[in-house]
Amino acid sequence: MTIDWTIAIVGCAGGAVPDVLRLIKARHEGAPEYLKHRFFWIMFFVLVVGGGACAVLSGARDFQSALALGFGAPEILSRLASSSSSDRGDAGGSAISMIRSWWRL
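Quick caveat: nothing in here was measured; it's all calculated off a predicted structure. (Residues numbered from 1 in each chain as written. Predicted model: local features only at pLDDT ≥ 70, side-chain atom pairs only at ≥ 80, totals over all residues. Heavy atoms only, no water.)

K.L.:
Account for the overall build of the protein, with residues named and values stated.
P.N.:
Scanning the protein from terminus to terminus reveals four helices and zero strands. Moving toward the C terminus, one meets the helices and strands of the protein in the order α-α-α-α. Within the protein, the proportion of its 105 residues that are buried is 34%. Here the analysis covers contacts within the protein between residues at least 6 apart in sequence; of these, 62% occur between residues at least 24 apart. Here the protein has roughly 6700 Å² of accessible surface; of this, 66% comes from carbon and sulfur atoms. (Helix = DSSP H or I, 4+ residues; strand = E, 2+ residues; numbered from the N terminus. Buried < 20%, exposed > 50% of the residue type's maximum accessible area, 1.4 Å probe, protein only. Contact = heavy atoms within 4.5 Å. Areas by Shrake-Rupley, 256 points an atom, 1.4 Å probe, with all protein chains shown as cover.)

Pasting the structure below:
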């Protein structure tokens, strides 16, 4: 299997879209606190790589489908793992509670 790197990069961009949209939505409130936490950046990297991997592994043929698949896969995972916590970043407690807090809706 040959990797189409253009599709992978567009899928990675799709994986970044949810957090970029959150930042745009909160642009008038200043920088969110969770941007200062290392955990946010680790999970952001996981989302971006996951979006690119999903686009490549699902066989996306064009930019639009690669972007949609790159966005969709991490977004579905985030909704499945979400909880009603109101803070992203360091939630304190176990790793599971930190991940659920970060993936909240």
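K.L.:
Could you give an account of helix α1 (residues 5-25), naming the residues involved and the relevant values?
P.N.:
Taking 1.5 Å per residue, 21 residues should reach 30 Å; α1 reaches 30 Å between its end C-alpha atoms and fits that length. At V17, α1 shows its largest kink, close to 40°, and the proline P18 lies no more than four residues downstream. Here α1 starts with a cap whose side-chain oxygen sits 3.2 Å from the backbone nitrogen of T6, and that cap is D4. (Expected span 1.5 Å × (residues − 1). Bend = angle between axes of the 7 residues up to and from the residue. Polar contact = N/O pair within 3.5 Å; in protein donor to acceptor, adjacent residues only side chain to side chain.)

K.L.:
Please give an account of the packing of aromatic side chains that cites residues and values.
P.N.:
The full count for this structure, using the stated rule, is four aromatic pairs. Aromatic pair F40 and W41: ring centres 4.9 Å apart, planes at 80°, arrangement edge-to-face. Here a set of aromatic residues connected by ring pairs shows up, and it is made of Y34, F40, W41 and F44. (Phe/Tyr/Trp six-rings, centres within 6.5 Å; stacked < 30°, edge-to-face > 60°.)

K.L.:
Go over the pattern of salt bridges with me, naming the residues and quoting the values.
P.N.:
Opposite charge on two side chains permits pairing when their charged atoms draw close. Evaluation of the coordinates by the stated rule reveals two salt bridges. Where D19 meets R22, a salt bridge forms, and the shortest distance between an N and an O atom there is 2.9 Å. A residue pair is termed a helical-turn pair when its members lie 3 or 4 positions apart in one helix, as D19 and R22 do in helix α1 at three residues. Assessed through its relative accessible area of 1%, D19 is described here as buried. (Salt bridge = Lys/Arg side-chain N within 4 Å of Asp/Glu carboxyl O.)

K.L.:
Please give an account of the environment of F63 that cites residues and values.
P.N.:
Along the chain, F63 falls in helix α3 (residues 63-80). On a C-alpha basis, the gap between F63 and I9 in space is 9.6 Å, while along the polypeptide they are 54 residues apart.

K.L.:
Give a detailed account of the packing of α1 against helix α2 (residues 38-57), specifying residues and quantitative values.
P.N.:
Relative orientation of the contacting elements α1 and α2 amounts to 135°, with a least axis distance of 7 Å. Relative to α2, α1 is oriented oblique. In the crossing of α1 with α2, the sense of the turn from one axis to the other is right-handed. Residues I7, A8, G11, C12, G15, A16 and D19 of α1 lie in contact with α2, whose contacting residues are F40, F44, L47, V48, G51, G52, A55 and V56. (Axes fitted to C-alpha atoms, helices over the stretch in contact; angles between N-to-C directions. Parallel < 35°, antiparallel > 145°, perpendicular 65-115°, else oblique. Left-handed = near helix turned anticlockwise from the far one by under 90°.)

K.L.:
Account for α2, naming residues and giving values.
P.N.:
The first and last C-alpha atoms of α2 sit 28 Å apart over 20 residues, in line with the 28 Å expected at 1.5 Å per residue. Two residues or fewer past α2, G59 is found with a positive phi of approximately 80°.

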